[in-house]
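Topology and contacts: notes
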Amino acid sequence: MLNIKMTCPLQTGNADVLLDYCARSLDAERKAMLEKHMESCAECREMAGAQSQIWSAMDAFEAETISADFDRKLYNRIEELERVPAWERFWAPVRDYLQGQPAWRPVLSIAAASAVLVVVFVVRGDVPQPVIEPSGAIIDVRDVEQAEHVLEDLEMLRQFDAGSSGANAQKEVL
Amino acid sequence: MMAVATLERDAELMLRVRDGDTESFALLLGRHRSPVIHFVYRMVQNQPVAEELAQEVFLRVYRSRANYEPTAKFTTWLFRIASHLALNWIRDRRHERGQESLDEATPDGMVRQVSDREISKEQAMVRESKFEEIRRAIHSLPEKQKAAVLMHKYEEMEYSQIAGVLECSESAVKSLLFRAYESLRARLAHMA
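Rules used throughout
- Residues numbered from 1 in each chain as written.
- Chains lettered and ligands numbered in written order.
- Predicted model: local features only at pLDDT ≥ 70, side-chain atom pairs only at ≥ 80, totals over all residues.
- Heavy atoms only, no water.
- Helix = DSSP H or I, 4+ residues; strand = E, 2+ residues; numbered from the N terminus.
- Buried < 20%, exposed > 50% of the residue type's maximum accessible area, 1.4 Å probe, protein only.
- Contact = heavy atoms within 4.5 Å.
- Areas by Shrake-Rupley, 256 points an atom, 1.4 Å probe, with all protein chains shown as cover.
- Patch = residues over 30% accessible without salt bridge, like charges linked within 9 Å, V, L, I, M, F, W, Y side chains within 5 Å.
- Salt bridge = Lys/Arg side-chain N within 4 Å of Asp/Glu carboxyl O.
- Lys, Arg positive; Asp, Glu negative; His and termini not counted.
- Charge placed at Lys NZ, Arg CZ, Asp CG, Glu CD.
- Buried area = accessible area lost by both parts, 1.4 Å probe.
- Nonpolar A, V, L, I, M, F, W, Y, C, P; charged D, E, K, R; others polar.
- Bend = angle between axes of the 7 residues up to and from the residue.
- Polar contact = N/O pair within 3.5 Å; in protein donor to acceptor, adjacent residues only side chain to side chain.
- Axes fitted to C-alpha atoms, helices over the stretch in contact; angles between N-to-C directions.
- Parallel < 35°, antiparallel > 145°, perpendicular 65-115°, else oblique.
- Phe/Tyr/Trp six-rings, centres within 6.5 Å; stacked < 30°, edge-to-face > 60°.
- Lys NZ or Arg CZ within 6 Å of the ring centre and 35° of its normal.

**Quick look at the overall build of chain B**
Assigned secondary structure in chain B consists of eight helices and zero strands. Mapped from its N terminus to its C terminus, chain B presents α and β elements in the order α-α-α-α-α-α-α-α. Counting the 192 residues in chain B, one finds 48% classified as buried. At a minimum sequence separation of 6, the contacts of chain B that also span at least 24 residues come to 64%. Surface accessibility of chain B: about 9500 Å² in total, with carbon and sulfur atoms responsible for 50%.

In structure tokens:
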């Protein structure tokens, strides 16, 4: 079994074999094959040596001691969660999921900002109207009022004129 | 065989949590508290933040209990939540602080105390110096490489499980690890 020659892991893009070897997670058979291969492959030998040293050195990055009140704080938060209304509990996992998707974050921000703007405009009642100019297809309200005034004035003059001519006619009849 | 037994135990506990058994949640917490906190700590390199984020991890597990289905390994799901939270925290913090290099400073002014009183002052200094070198080297890795290395080295996860956590292929994980360890070897060559 050990006579099967291993192809160079670095030449064949299987460097994970060397990582496994240094992590001591390689099975006995492959370990023996790799060690046999390394006898004649300086490149693999060098990499395995450097990786083994890094692997051991990384043990220095020890974890910190966990706070004694970690569980108490967590259970307090769970208790608070239990008091939250049902709809909020339903919404929270959805929110968590969306927050975990970075691609959604700008979209959500924009959507939230737009929703706030719409609410503000609706509440204030000053939703901007479309402005079409200068085609004249939409007539300003002030123009309509002015036109009505002019028509009224003209009507008054017409009646005045009619009244005058009527009086003259009466004079003539008399 | 061991992995299957662990899957069954965790999934079984989580299914009991789903049915309202709070004792089972306490058992799950006891089994995974340390690995989750340690992983998040090495990601964010700040213990109070790590504990806060780890609490959020377990809170989300608890909150999702009603919809839990044992479709994947429990720890894959757990570490996926943990890595998402840690990566989001790192990204948010980077946006807040700009692209400043954290490489030069100990995060948040963290001063690590050497707790072991048995060792000499000189030994403590050497140990502290080694810790700092490793911490900075890991900190300098791109986020996904960092997460992959931490799960591989400290949580002893298999490539397939790391792939499940990071939601990528096994070959992508191998590539991430190869590049990460290559950077670490180059950066820490003087320690060899």
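**Side note on a negative patch on the surface**
A contiguous patch of negative charge on the surface is contributed by A:Glu145, A:Glu148, A:Glu152 and A:Asp153. One can find A:Glu148 in helix H7 (residues 141–173).

**Brief notes about the interface of chain B and chain A**
On the chain A side, the residues contacting the 47 residues of chain B number 38 residues. Around 4200 Å² of area is buried between chain B and chain A when both sides are counted, 61% of it from carbon and sulfur atoms. Measuring nitrogen to oxygen at the nearest pair gives 3.5 Å for the salt bridge that ties B:Lys174 to A:Asp16. Ranked by the residues each element gives to the side of chain B that touches chain A, the list is headed by helix H3 (residues 47–63) of chain B, at eleven residues. Split into classes, the residues belonging to the side of chain B that touches chain A amount to 22 nonpolar, eight polar and 17 charged.

**Some details on helix H2 (residues 22–44) of chain B**
For an α-helix the count is 3.6 residues per turn, leaving residues at separations of three or four pointing the same way. A bend of about 50 degrees at B:His32 is the largest found in H2(B), and the proline B:Pro35 appears one to four places after it. Its side-chain oxygen 3.1 Å from the backbone nitrogen of B:Glu23, B:Asp21 forms the N-cap of H2(B).

**Comments concerning the environment of B:Ala186**
Here B:Ala186 shows up in helix H8 (residues 170–187). Distance in space between the C-alpha atoms of B:Ala186 and B:Ala137 is 9.8 Å, their sequence separation being 49 residues.

**Side note on the packing of helix H7 (residues 159–166) of chain B against H8(B)**
Residues and elements named next belong to chain B. Contact geometry for H7 and H8: axes closest at 8 Å, N-to-C directions at 100 degrees. In terms of orientation, H7 and H8 fall into the roughly perpendicular class. Contact residues: Tyr 159, Ser 160, Ile 162, Ala 163 and Leu 166 in H7; Glu 170, Val 173, Lys 174, Leu 176 and Leu 177 in H8. Here the residues of the contact of H7 with H8 are counted per class, giving seven nonpolar, one polar and two charged.

**Let's talk about the packing of aromatic side chains**
What the rule picks out here adds up to nine aromatic pairs over all chains. Ring centres of B:Phe25 and B:Tyr62 lie 5.2 Å apart, and the angle between their planes is 75 degrees; this geometry places the pair in the edge-to-face category. A residue pair is termed long-range when its members are at least 10 positions apart, and B:Phe25 in helix H2 and B:Tyr62 in helix H3 qualify at 37 residues. Using a relative accessible area of 3% as the deciding quantity, one classes B:Phe25 as buried. Here B:Tyr62 falls in the buried class, since its relative accessible area comes to 8%. Where B:Tyr68 meets B:Trp77, the ring centres are 5.4 Å apart and the plane angle is 35 degrees; that geometry is what we call tilted. For B:Tyr68, a relative accessible area of 5% gives the class buried. Aromatic rings pair up to connect A:Phe61, B:Tyr41, B:Phe131 and B:Tyr154 into one cluster. Lying across the ring of A:Phe61, B:Arg42 places its NZ or CZ 5.7 Å from the centre. Above the plane of the ring of A:Trp55 lies B:Lys153, whose end atom (NZ or CZ) is 4.2 Å from the centre.

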